[in-house]
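Letter by letter, the chains look like this.
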Amino acid sequence: MQILHSKIIGQGKPLLILHGLLGMGDNWISLARRYAENGLEVHLIDQRNHGQSFHSDEMNYQVLSDDLSVYINHYNLQNILLLGHSMGGKSAMYFAVENPDKIEKLIIVDIAPKYYPPHHHFIFEAIHSLDLSVGDRKAIEKELDKKINNKAISLFILKNLKREKSGGFSWKPNISVLENSLDELGEALPPFSVFDKPTLFVKGEKSPYITKSDDGLIKAHFPKVEIISIPNSGHWVHAEQAELFFDKSLEFMKI
């Protein structure tokens, strides 16, 4: 079995962080350093088909959960703290309900255990429209800005560029597989699956991903849950309100 790529920072209780779609562990580096300063061994993981981890034609929450099992066994980790954002949050939920004995506490960031219809097609259309052979990052950024019209999303996507020896660029993620897996990545958590240990759901106040009507479903799957909303934040709550997110998440992990 292949081992997911990660960056490990600090010493202490293991905290594993799972990024969202088209993300990578490195998106969390600033928060990871702060967690490490507070006695945690932080594992910034690249999930399959992302970052520096291996590519595969299979992409669904079962294989993402299995990848995490292999990773945890490889590093002989126990009583872990598991944190996941968006797609990474769904991966974390799947792993938690299947492997409750491995986890001490769970943090889910701005994703509910429900089904989400595919809604990232505009991003993949923009990615396909770019000419990476030009070798000019600024020119690629300018073209992407025209297509996306959202600077934060553009910069997030551009982190996935990899410089080739030819002088051009390529994508780190497995773009075609991710695009073809959007249905699977919208799947709900299986019915009647339960994780009965301390869980924190963090919602961005301005994000549509978790609504008040999701509370019942969240509590059915995670009976020991606390649901909090971070003011003045959207889907990337941990980036938009990093200080408050850090305080709330660390307080939960340290209790």
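Everything that follows concerns the structure shown earlier in this document.
Because the structure is predicted, anything quoted here is derived from the model rather than measured.

### With respect to the packing of helix α1 (residues 29-37) against helix α11 (residues 242-254)
Put simply, α1 and α11 touch, their axes get as near as 11 Å, and they point 40 degrees apart. Classified by the angle their axes make, α1 and α11 are oblique. The handedness of the crossing between α1 and α11 is right-handed. Across the interface between the two elements, Leu31, Arg34 and Tyr35 from α1 touch Ala242, Glu243, Phe245, Phe246, Ser249, Leu250 and Met253 from α11.

### A few points about the environment of Ser176
Of note, Ser176 is situated in helix α7 (residues 175-180). On the basis of relative accessibility, which here comes to 42%, the residue Ser176 falls in the partly exposed class. It is 9.1 Å that separates the C-alpha atoms of Ser176 and Asp57, two residues lying 119 residues apart in sequence.

### Regarding the pattern of salt bridges
One pass over the structure, following the stated rule, counts 12 salt bridges. In this structure, Glu243 and Arg34 form a salt bridge, with 3.1 Å as the shortest nitrogen-oxygen distance. A residue pair is termed long-range when its members are at least 10 positions apart, and Glu243 in helix α11 and Arg34 in helix α1 qualify at 209 residues. Look at Glu243 and you get partly exposed, because its relative accessible area is 46%.

Rules of the game
Sequence order sets the numbering: in each chain, residues are counted from 1 along the sequence as written. For this predicted model, a pLDDT threshold of at least 70 governs which residues receive local features, and a threshold of 80 or more governs which side-chain atom pairs are given and counted, while totals over whole chains, interfaces and linings are taken from all residues. For side-chain calculations, the full set of non-hydrogen atoms in the structure is used, while hydrogens and water are omitted. All axes here are fitted lines through C-alpha atoms, helices being fitted over the stretch that makes contact, and every angle between N-to-C directions spans 0 to 180 degrees. The way it works is that DSSP assigns letters per residue, a run of H or I at least four long becomes a helix, a run of E at least two long becomes a strand, and they are numbered from the N terminus. For classification purposes, an angle smaller than 35 degrees is called roughly parallel, one larger than 145 roughly antiparallel, one from 65 to 115 roughly perpendicular, and anything else oblique. Throughout, a crossing is termed right-handed when the near helix is turned clockwise from the far one, and left-handed when it is turned anticlockwise from it by less than a right angle. Note on contacts: a residue pair is in contact if any heavy atoms of the two residues lie within 4.5 Å. For each residue, the accessible area found with a 1.4 Å probe, counting protein chains only, is set against the maximum for its type, and the residue is called buried under 20%, exposed over 50%, and partly exposed in between. Each reported salt bridge corresponds to a side-chain nitrogen of Lys or Arg within 4 Å of a carboxyl oxygen of Asp or Glu.

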